[in-house]
Amino acid sequence: MEFLTINGVSLSRLMMGTGDISKMDGMEMLDIFVAAGGTTIDTAHQYRRAEVTIGEWMAARGNRSQMVIMTKGAHHDDGSPGPRVNAEAIRKDLYESLERLQTDYIDLYALHRDEPGTPVGPVMDELNLHLAAGRVRAIGASNWSYQRIQEANDYAKANGLQGFMFSSTNLALATANEPRWAGCVSADKQTCQWHEQYQIPLLSWSSQAGGFFTGLFSPEDRSNEEMVRVYYNGDNWRRYERAKELAERKGVTALQIALSFVLNRPFPTGAIIGPRNEAELMDSVKAMEIELTAQELEWLDLKCEELAG
């Protein structure tokens, strides 16, 4: 398992997503993830039961100090009606997450959704209070545009504060036609250029594009309305065909190539995955062994027409 470091926190680049953990034996899946070398678990205040399950699991295993927990708060659809990207909501969600997780600190804390136009100053002031108190070890933004993150970081720098240390948006080989969920942000060309310039880690959710590269979907099969709405387009089917071709050359699967595309960026990345069993998890672990050249990355992403070799 490979690792990256954010503000002194060493985290596995494969991160266990827990949005659907209540639909399976969550503790068993977490055990399998750790046995495979994983340390980093992604959750959110909005997931509710997931945080409770993780807290109970860490208490039962006695492994809190070995785990890296990323949780998120201040989602607009997670509490009282109205704006929630504010100091009061952040404080409420953070304390409730700490209680559910049965811990006194969060390794990576992110704001779950942005509310564009909301002043960044009070938000950064509040997050820095929790950094100083040790309740969080690193702060970031989930589903914020890079322009808003830069705005927040500019404010922090001007006021002697710590800016956002990571971002968590969607980054995948398949590009989204529209947000998968309301308020979601996918990393476009400009976003990736910004991450490359500043070397701020991007922790990608839905890094495998909802399974688009598994072979379970085809242009003719339009039964999955969400996949059709989000990922069905001509360019993505071309990316899928190229992933299959490159996978055949390397003796791997198209899905592993797609995950490797996220892990081989010219800036630090992590990939949040949602395996349903050990076999799916190990497929993702093997993808970490695949090295892709700059030309292979461009070819997969349709930025050039010829692939050497």
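Predicted model, so just to flag it, every value in this text is computed and none were measured. (Residues numbered from 1 in each chain as written. Predicted model: local features only at pLDDT ≥ 70, side-chain atom pairs only at ≥ 80, totals over all residues. Heavy atoms only, no water.)

Caption draft 1: Up close: empty space enclosed by the protein. Tallied over the full model, the rule gives one cavity of 30 Å³ or more. N170, A176, E178, P179, R180, C184, V185, S186, W205, V230 and Y231 are the residues that line the largest cavity. Of the residues assigned to the lining of the largest cavity, the class counts are seven nonpolar, two polar and two charged. (1 Å grid on protein atoms, 1.4 Å probe; cavity = no way out; pocket = protein on both sides within 12 Å on 5 of 7 lines; lining within 4 Å. Points joined across faces, edges and corners; volume = space filled by probe spheres on them. Nonpolar A, V, L, I, M, F, W, Y, C, P; charged D, E, K, R; others polar.)

Caption draft 2: Summary view of the layout of surface pockets. Its volume calculated, the largest pocket comes out at about 1300 Å³. Every residue lining the largest pocket is counted, 48 residues in all, and those nearest its centre are D20, R180, S206, G210 and G274. With four residues, helix 10 (residues 278-287) is the single largest residue contributor to the lining of the largest pocket. Residues that form the lining of the largest pocket fall into these classes: 18 nonpolar, 19 polar and 11 charged. When its volume is computed, the second largest pocket comes out at roughly 580 Å³. Lining the second largest pocket are 25 residues; nearest its centre among them are K189, C192, R265, D301 and K303. Secondary structure elements with two or more residues in the lining of the second largest pocket: helix 6 (189-198) and helix 11 (294-300). Top contributing element to the lining of the second largest pocket by residue count: helix 6, with four residues. Per-class residue counts for the lining of the second largest pocket are 12 nonpolar, five polar and eight charged. (Helix = DSSP H or I, 4+ residues; strand = E, 2+ residues; numbered from the N terminus.)

Caption draft 3: View of helix 9 (residues 254-263). When you tally the buried positions in helix 9, you get 10 out of 10 residues, the bulk of the element. Structurally, helix 9 contributes buried residues whose contacts are with strand 3 (14-17), strand 9 (202-204), helix 8 (234-250), strand 10 (269-273), helix 10 and helix 11. (Buried < 20%, exposed > 50% of the residue type's maximum accessible area, 1.4 Å probe, protein only. Contact = heavy atoms within 4.5 Å.)

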